[in-house]
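Descriptive structure summary
Chain by chain, the residues:
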Amino acid sequence: RADDTIAWFEQVEPDPGLSVGPAEMSFSVSLGTTPSEDTLTVTNTGGKTLNYTNTVSYGSGWGSMTVTLTPQTGALSMAASRVHTASVSQVTSVGTFYATNTVSGNQTNTDQTVDITLTVSSLPNPTAQSASSIGTTNLQVNWTKDAYDVIVVRRAGADPDPPTNGTSYVHN
């Protein structure tokens, strides 16, 4: 019969798409401390499974400091999201440092980037410092603790060997 029509429809699942937020992350700390963690979210805005990787590239000055994203890789089904934790290692230099996290995978849109800024300030000077002589060979040093329980005492003249981090010293 002429009015019998057969229609065949095939549902095509859309390719994966990539969305990342926030676009920027900022960390601000004092020298010698470890910044608080922050998070970023990766979302599959398409249909098929999105397989992706976080890759951090560093500007100048980072030295041994690093940004770690956990987990580093992922696989997301349609419309799924995953939260990644960003952590910065203990900071060892004063200044402002820049890095970029690039999220790339099998998506149809372009790779997504997150700009990372790390601002490290120097330690504040302790307040109410005083030193008094105890006899002819000893010195008593007092200070008011501010943010850190650290004070560095330096003698005039030639510098001694540099101190080792985490080591206590006693003056005799």
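Figured I'd write up the structure that's included with this text. (Residues numbered from 1 in each chain as written. Predicted model: local features only at pLDDT ≥ 70, side-chain atom pairs only at ≥ 80, totals over all residues. Heavy atoms only, no water.)

Cis geometry marks the peptide bond from Gly-21 to Pro-22; its omega dihedral reads 0°. Inspection of the secondary structure assignment puts Pro-22 in the loop between strand 1 (18-21) and strand 2 (24-30). Note the cis peptide between Thr-70 and Pro-71, where omega equals -10°. By the element assignment, Pro-71 lies in the loop between strand 5 (67-70) and strand 6 (73-76). One non-glycine residue, Ala-79, lies in positive phi territory at about 65°. Mapped onto the elements, Ala-79 comes out in the loop between strand 6 and strand 7 (81-88). A relative accessible area of 58% means that Ala-79 is categorised as exposed. (Helix = DSSP H or I, 4+ residues; strand = E, 2+ residues; numbered from the N terminus. Buried < 20%, exposed > 50% of the residue type's maximum accessible area, 1.4 Å probe, protein only.)

Burial of nonpolar side chains together is a common tendency in soluble globular proteins. Among the nonpolar cores identified, the biggest contains 24 residues, and Val-42, Trp-62 and Leu-118 are the most heavily contacted of them. Elements with a contribution of two residues or more to this core: strand 1, strand 2, strand 3 (38-44), strand 4 (50-58), strand 5, strand 7, strand 8 (95-105) and strand 9 (112-121). (Core = buried A, V, L, I, M, F, W, Y, C linked by side-chain atoms within 4.5 Å.)

Before going further, it helps to spend a moment on the sheet that holds strand 6. Within the open sheet, the five strands sit side by side as 2-9-8-4-6. Their pairing is mixed. The sheet is open, and its two borders are formed by strand 2 and strand 6, each paired with just one other strand. Neighbour to neighbour, the strand axes of the sheet diverge by 20° on average, direction disregarded. In the sheet, strand 4 pairs with strand 6 via four bridges, with the strands oriented antiparallel. Along strand 6, the bridge assignment pairs Tyr-52 with Gly-74. (Pairing = 2+ DSSP bridges. Axes fitted to C-alpha atoms, helices over the stretch in contact; angles between N-to-C directions.)

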